[in-house]
Amino acid sequence: MRTRMLLQYEKNELKRDIVFLKGCFEQREGRLQMPGSGASEDLLVETMTVQEAMARCHTLRGCGGFCFQGDMTTSAVTIHFKGFGHEAVSAAVGWTSFYFEHGERALIKLLAQQYQARFCD
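A. How the structure looks around the layout of surface pockets. For the largest pocket, the calculated volume is near 210 Å³. Lining the largest pocket we find Y9, N12, E13, R16, L111, Q114, Y115, R118 and F119. When contributions to the lining of the largest pocket are tallied by element, the ones reaching two or more residues are α1 (2-22) and α3 (103-120). For the lining of the largest pocket, the element with the highest residue contribution is α3, accounting for five residues. Broken down by class, the residue content of the lining of the largest pocket amounts to four nonpolar, two polar and three charged.

What follows is the structure, encoded as structure tokens:
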């Protein structure tokens, strides 16, 4: 029993470390844009899969997320990479967005969710 508890603790710590180091993406409906503005400039526009876009966003300087026209897919689509600050999502119908949260912010969100699940539900 004690070994199982220690392994569970280590597993949770590892998940937290990964979130802190890599950050995470949050999928949203609509198109990423600057708060209070209509259109916004793209950092880069390329055709690739969503998985490739996630990897590219990590290496693209200033990338705060990306969006594409259409529903979630495993096929290649035209990806619009957006800079930091593009956290608002427009009411654009038919767009899917992935907002990138850096490690510290993502870890705080994860810890809050774990706390809620353990102590408040």
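Following the structure, the description resumes.
B. Spatial organisation of the packing of aromatic side chains. Using the criterion set out here, one finds five aromatic pairs in the structure. Taken together, a centroid distance of 5.1 Å and an interplanar angle of 50° make the contact between F25 and F100 tilted. With a gap of 75 residues between them, F25 in strand β1 (residues 24-29) and F100 in strand β7 (residues 95-101) connect regions that are remote in the sequence. Owing to a relative accessible area of 8%, F100 belongs among the buried residues under this scheme.

C. Spatial organisation of α3. With 18 residues, α3 extends 25 Å between its outermost C-alpha atoms, agreeing within 8% with the 26 Å of an ideal straight helix rising 1.5 Å per residue. For α3, every residue scored as buried is listed here: G103, A106, L107 and L110. Each buried residue of α3 lies within a common arc of 100° when the element is viewed along its axis, so the set occupies one face. Exposed positions of α3 whose direction lies more than 90 degrees from the buried face are E104, I108 and F119.

Cut-offs applied
Residues numbered from 1 in each chain as written. Predicted model: local features only at pLDDT ≥ 70, side-chain atom pairs only at ≥ 80, totals over all residues. Heavy atoms only, no water. 1 Å grid on protein atoms, 1.4 Å probe; cavity = no way out; pocket = protein on both sides within 12 Å on 5 of 7 lines; lining within 4 Å. Points joined across faces, edges and corners; volume = space filled by probe spheres on them. Helix = DSSP H or I, 4+ residues; strand = E, 2+ residues; numbered from the N terminus. Nonpolar A, V, L, I, M, F, W, Y, C, P; charged D, E, K, R; others polar. Phe/Tyr/Trp six-rings, centres within 6.5 Å; stacked < 30°, edge-to-face > 60°. Buried < 20%, exposed > 50% of the residue type's maximum accessible area, 1.4 Å probe, protein only. Expected span 1.5 Å × (residues − 1). Arc of directions from axis to C-beta.

Spatial relationships are all this shows, so hold off on functional conclusions.
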